[in-house]
Amino acid sequence: MSRLLFLGDSLMQENGPDTYPQTGWPQALKEFLRDPDIPILDFAKNGRSTKSFEDEGFLAQALDEARPGDIAFIGFGHNDEKDDPARHADARTDYLQNLDRFRKALLDKGAIDVIYLTPIARLRYGEGGELLRTHGDYPSALREHVGKEGIPLIDLEEWTTRDLLAHSRADNERHYMVLPPGKYPQYPEGKDDTTHLTEEGARWICSLVRDASKAIPSLSDIMK
């Protein structure tokens, strides 16, 4: 049985009761798997970029746990784009080089597939009410790169953007940590976080991953 490994940032990181309803999307994945007993190993860490994930030893931790037969998902970009020198990785150079180094290391450990993901769209609207694309060159750089190299990609930026455009702002907010005051004990004053996912948002991403996985041979028999 293949195990599923996740390397990424706060959109993937496992959350506990202290931050509920914030949820990393792999936490909701079991209900979308044909076999819910498939092991899920989540190495994602809040606030990390490809650079800091490696520099702080989290890549090494993932590689220590990796074994032949694994399928890995790698999703970064939200923090690579920040100006912080400890995290910034240029979209068309370091970012791609870091991803490829992670991929090669996992394949060398026996992974049967390593799948890249573009970053999930933020729920940001312009003054005219238009949905903004906030990730700069990162999604397009990754699309072009995988097209040249033949690497499997789940284009979450495109899938989420397309779905958000098909629904109202009010409908979309349920996927993100846009919380009214008094509803959750952990956030008595509410929250206006248009990046991170709620539990419902995690299921939303998993449904998109399931749909996108139909085009990826290593996942076609794993997802429902």
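None of the values given here were measured: they were computed from a predicted structure.

Thresholds, definitions, all that
- Residues numbered from 1 in each chain as written.
- Predicted model: local features only at pLDDT ≥ 70, side-chain atom pairs only at ≥ 80, totals over all residues.
- Heavy atoms only, no water.
- Phe/Tyr/Trp six-rings, centres within 6.5 Å; stacked < 30°, edge-to-face > 60°.
- Helix = DSSP H or I, 4+ residues; strand = E, 2+ residues; numbered from the N terminus.
- Lys NZ or Arg CZ within 6 Å of the ring centre and 35° of its normal.
- 1 Å grid on protein atoms, 1.4 Å probe; cavity = no way out; pocket = protein on both sides within 12 Å on 5 of 7 lines; lining within 4 Å.
- Points joined across faces, edges and corners; volume = space filled by probe spheres on them.
- Pairing = 2+ DSSP bridges.
- Contact = heavy atoms within 4.5 Å.
- Axes fitted to C-alpha atoms, helices over the stretch in contact; angles between N-to-C directions.
- Core = buried A, V, L, I, M, F, W, Y, C linked by side-chain atoms within 4.5 Å.
- Buried < 20%, exposed > 50% of the residue type's maximum accessible area, 1.4 Å probe, protein only.

Novice: Explain the packing of aromatic side chains to me, please; I cannot follow it from the model alone.
Specialist: The relation between two aromatic rings is expressed through the spacing of the ring centres and the mutual angle of the planes. Enumeration over the complete set of coordinates arrives at 10 aromatic pairs. Each ring, one from Tyr-20 and one from Tyr-184, has its centre 6.1 Å from the other, and the planes form 75°; the classification is edge-to-face. With Tyr-20 in the loop between β1 (4–8) and β2 (40–42) and Tyr-184 in the loop between β6 (176–179) and β7 (191–197), this pair connects stretches of sequence that are 164 residues apart. Centroid distance Phe-53 to Phe-58: 5.9 Å. Interplanar angle 40°. Geometry classified as tilted. Every member of this aromatic cluster is reached through a ring pair, and the members are Phe-53, Phe-58, Phe-76 and Phe-102. Sitting above the plane of the Trp-159 ring, Arg-162 keeps its charged end 5.4 Å from the centroid.

Novice: Even after reading the chapter, I still don't get empty space enclosed by the protein, so can you show me in this structure?
Specialist: The rolling of a water-molecule-sized probe over the atoms marks out the regions of remaining empty space. According to the stated counting rule, one finds one cavity of 30 Å³ or more in the structure shown. What lines the largest cavity is simply Asp-9, Leu-11, Met-12, Trp-25, Gly-75, Phe-76, His-78, Leu-117, Thr-118, Pro-119, Ile-120 and Leu-156.

Novice: How should the sheet that holds strand β4 (residues 113–117) be read in this particular structure?
Specialist: Adjacent strands of a sheet form backbone hydrogen bonds with each other and so pair up, either parallel or antiparallel. Across the sheet, which stays open at both edges, the five strands sit in the order β2-β1-β3-β4-β5 with parallel pairing between neighbours. The sheet is open, and its two edges are formed by β2 and β5 (153–154), each paired on a single side. Examined bridge by bridge, β1 and strand β3 (residues 71–75) share five bridges and lie parallel to one another. Bridge pairing links Leu-5 to Ala-72 in β3. On the sheet, helix α3 (residues 94–108) packs against β1, β3 and β4 and is oriented at approximately 160° with respect to β4.

Novice: How should I be thinking about the nonpolar core in this particular structure?
Specialist: Soluble globular proteins: nonpolar side chains tend toward being buried together. Ranked by size, the top nonpolar core spans 36 residues in total, and within it Trp-25, Leu-29, Phe-73, Ile-154 and Ile-205 carry the most contacts. In terms of residues, this core owes the most to one element, helix α7 (residues 199–213), which gives seven residues. Setting aside chain neighbours within four positions, we find Leu-29 in contact with Leu-4, Phe-6, Ile-40, Cys-206 and Met-223. Phe-58, Ala-66, Ile-74 and Phe-102 belong to the second-largest nonpolar core, a separate cluster that totals 28 residues.

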